[in-house]
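# Overview (structure and organization)
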Amino acid sequence: MLTAGEVAGLIAATGWVVLVCVLAMVLVKLARLLTETTKAVSDLNDRLAPLLDDVSVTVNETNRQLVVVEAIAKDVKQVSGHAAKLSAITQTVFTGPLIKVSALGYGVRRAIEARRTGTARRAGRAR
C-alpha cells in the first residue's frame, strides 16, 4: 500500500502532468495563431505595396488636375472681372444719356401740356 505522502505526491504529479498537457495545447494553438498571423501580414504586405503605388499615382494625377482647375478658376475670375467692368462701363455710357433724354422728354411734355392748358384758359377767358 501507498502511504499518505506517496498518494499526495502521485496526485500532485498527476496535476502537474495535466497542467503541462493543457499548457502544451495552449502553446500549440498559440503557435498556429502566430503562424496564421504571420501569413496574413505577409499577404497584406504583398497587396499593400501595389495599393500604395496606385494611391501615389492617384494623388499625383489629382494634384495635376487641381493645377489645371486652378488655372481655369483664375481665368474665370479674370473674365468675370472684365465682364463686371464692361457692365459698369455700359451702364455709365447708356444710363446717363438715357436719364437726360427722359428728363428732356418729360420737360417738353410738361411744357406742351402747360401751353395747351394756358391756351385753353385764355380761350375760356375771352368768351
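Before any of the text, the structure's been laid out above.
The structure presented is a predicted model; accordingly, all values stated were derived computationally and were not measured.

Here we take up the overall build of the chain. When its secondary structure is counted, the chain shows one helix and zero strands. Radius of gyration (C-alpha) of the chain: 51 Å, far over the 14 Å computed for a compact globule of 127 residues. Considering only C-alpha atoms, the chain reaches an extent of 165 × 40 × 15 Å along its principal axes. With 17 positive and 10 negative side-chain charges, the chain shows a separation of 44 Å between the mean positions of the two kinds.

What follows concerns the environment of Met-25. By secondary structure assignment, the location of Met-25 is in helix α1 (residues 4–126). Residue Met-25 is classed as exposed on the basis of its relative accessible area of 54%. For Met-25 and Thr-62, which are 37 residues apart along the polypeptide, the C-alpha to C-alpha distance reads 53 Å.

All told, the structure shown has one salt bridge when counted by the stated rule. Of the charged contacts, one joins Glu-61 and Arg-64 as a salt bridge, the two residues approaching to 2.6 Å between their closest N and O atoms. Residue Glu-61 and its partner Arg-64 are both found in helix α1; the two are separated by three residues, about one turn of the helix. Using a relative accessible area of 46% as the deciding quantity, one classes Arg-64 as partly exposed.

Another point: a nonpolar patch on the surface. A contiguous nonpolar surface patch, about 520 Å² in accessible area, is contributed by Leu-44, Leu-48, Leu-51, Leu-52, Val-55 and Val-59. Topologically, Leu-44 is positioned in helix α1.

Cut-off values and rules
Residues numbered from 1 in each chain as written. Predicted model: local features only at pLDDT ≥ 70, side-chain atom pairs only at ≥ 80, totals over all residues. Heavy atoms only, no water. Helix = DSSP H or I, 4+ residues; strand = E, 2+ residues; numbered from the N terminus. Rg over C-alpha atoms; globule rule 2.2 N^0.38 Å. Lys, Arg positive; Asp, Glu negative; His and termini not counted. Charge placed at Lys NZ, Arg CZ, Asp CG, Glu CD. Buried < 20%, exposed > 50% of the residue type's maximum accessible area, 1.4 Å probe, protein only. Salt bridge = Lys/Arg side-chain N within 4 Å of Asp/Glu carboxyl O. Patch = residues over 30% accessible without salt bridge, like charges linked within 9 Å, V, L, I, M, F, W, Y side chains within 5 Å. Areas by Shrake-Rupley, 256 points an atom, 1.4 Å probe, with all protein chains shown as cover.

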